[in-house]
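Reading the structure
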Amino acid sequence: MALPQEEHTLMTTQFAEAHGFERRDVTLANWRTAPFSRFSFGHADEVVPSARISAGAEEPEGAPVVSDLMRQSLPEGLAGQPDVGAYLHYAHTDAFVLMKAGRIVAEHYAPNAGIDQRHIVFSISKSLTALVIATLEAEGLMDPDAPVTSLLPEAAGSAYGDCTIRDVLDMRVSLAFDEAYLNTDGAYARYRRATLWNPADPSQPDETLLAFLLTLKKDAHPHGGAHFYASPNSDLLGILIERATGERYADVLSTRLWKPLGARNHASVTVDAEGTARAAGGISVTARDLARVGEMLRNGGMVAGNRLIPEAWLADMLTAGDHQAWVDGKSNFFPKGRYRSQWYQSGEPDGAFCAIGIHGQWLYVDPSTETVIVKLSSQPNPLDDELKHDNFAFFRALSAWTA
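Residues numbered from 1 in each chain as written. Predicted model: local features only at pLDDT ≥ 70, side-chain atom pairs only at ≥ 80, totals over all residues. Heavy atoms only, no water.

As annotated in an unreviewed UniProt entry, the protein chain carries the name CubicO group peptidase (Beta-lactamase class C family) and is attributed to Peteryoungia aggregata LMG 23059.

So, in structure tokens, the structure goes:
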């Protein structure tokens, strides 16, 4: 039933006053660009078809933790910002959670965000997907050393036809693909249309996500070489999870990770026209629930005395990444770093590791100081290498702070 005109006008006016634009201005063509991203990153399931990742019964979190940390001064020269609050504003932060020794000691939410509001985490989705695979390996349902074709025989003839699941997990697939986020007319644009993240192009045929993946070709070099970051790899992992279990990706993530974690809010994941999940970048979660993931990993894969992530998987994830493969991949970040099972290791003596998503999404864990940090953002530039380095320095400064 349509709203009365007066009520509809009031809602429209309130929205415009809160956001600086009207809801109808947010479209599939602009939802990842400023200023519209300030709204859409917290409401991705209103823009792209999505599936719910159930937490069971939702439990509201209550009030955010208020802390003097917002006025804590920062090391001189850190992006020119005098204190934590100023830095969070500078870095386009929507939601921020800082945990020390299992306790939330500071939180911040921008006016467009909230403690129980989901926020898209982009490529942190990759890291969550890999944790699900860790549980499936423990159940005997997936073998990372098996060929991709053992679960997806139709991948024969594509780039994935002769690689292992481990190659995919570690981004060491030989793939003729360019991760060009701003591409408008090439393979990456096709990829975005296949995931329903971009509007359809009437001049081009419609594709599903799986159909697109099976068109990708191998590059000239063998699999297992240099680190080569390509999001289609992680979407493939989501499809392999469905093949291994016979269940929908969203349901597997719910039963193997979200519910056992004790998440308080439902998560969601965007899906394509066939319902295939965007495992590489489509998950939306609350900041506190993402912090729970980091705290679980800091505690060795345990939650409330129960093992969620196998100890051997976690040890491998944190130590077995190939540094030379990382160097050969010519990354301009983490000079001592490694990449394993869709997670980044900083290579620093503190053992810090993290999951990172474009537009400023972070889950950062420093085991040496018992620190977990979540930063969810509406950063206009998808990459912004300078800000990425600023964020890393910011997290290290917070890790050194004693609550």
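Read on, since the account is not over.
Structurally, Asn112 is set in the loop between β3 (103-109) and β4 (119-120). From its side chain, Asn112 meets the backbone oxygen of Arg38 in a polar contact 2.8 Å long. Among the polar contacts made by the side chain of Asn112, one reaches the side chain of Asp94 at a distance of 3.1 Å. (Helix = DSSP H or I, 4+ residues; strand = E, 2+ residues; numbered from the N terminus. Polar contact = N/O pair within 3.5 Å; in protein donor to acceptor, adjacent residues only side chain to side chain.)

In this section: the nonpolar core. Val148, Tyr160, Trp258, Met296 and Leu297 are the most contacted members of the largest nonpolar core, which has 83 residues in total. With residues near it in sequence (within four places) discarded, Trp258 still touches Ile53, Ser54, Ala55, Leu253, Ala263, Asn265, His266, Ala267, Val285, Asp289 and Val293. Leu74, Leu78, Tyr229 and Ile373 belong to the second largest nonpolar core, which has 30 residues in total. (Core = buried A, V, L, I, M, F, W, Y, C linked by side-chain atoms within 4.5 Å. Buried < 20%, exposed > 50% of the residue type's maximum accessible area, 1.4 Å probe, protein only. Contact = heavy atoms within 4.5 Å.)

Position of Ser67 relative to the elements: it lies in the loop between β1 (50-53) and α4 (84-90). Taking the relative accessible area as the measure of exposure, Ser67 reaches 16% and is therefore buried. Along the backbone, Ser67 and His108 are 41 residues apart, and their C-alpha atoms lie at a distance of 9.3 Å. Setting aside residues up to four positions removed in sequence, Ser67 forms contacts with Val105 and Ala106. In this structure the side chain of Ser67 is engaged in a polar contact, spanning 3.0 Å, whose partner is the backbone nitrogen of Leu69.

Under the criterion given, the structure shown has 27 salt bridges. Of the charged contacts in the structure, one is a salt bridge between Arg256 and Glu247, with a shortest N-O distance of 3.3 Å. We classify Arg256 as buried; its relative accessible area is 14%. Linking Asp251 and Arg248 is a salt bridge whose minimum nitrogen-to-oxygen distance equals 3.3 Å. (Salt bridge = Lys/Arg side-chain N within 4 Å of Asp/Glu carboxyl O.)

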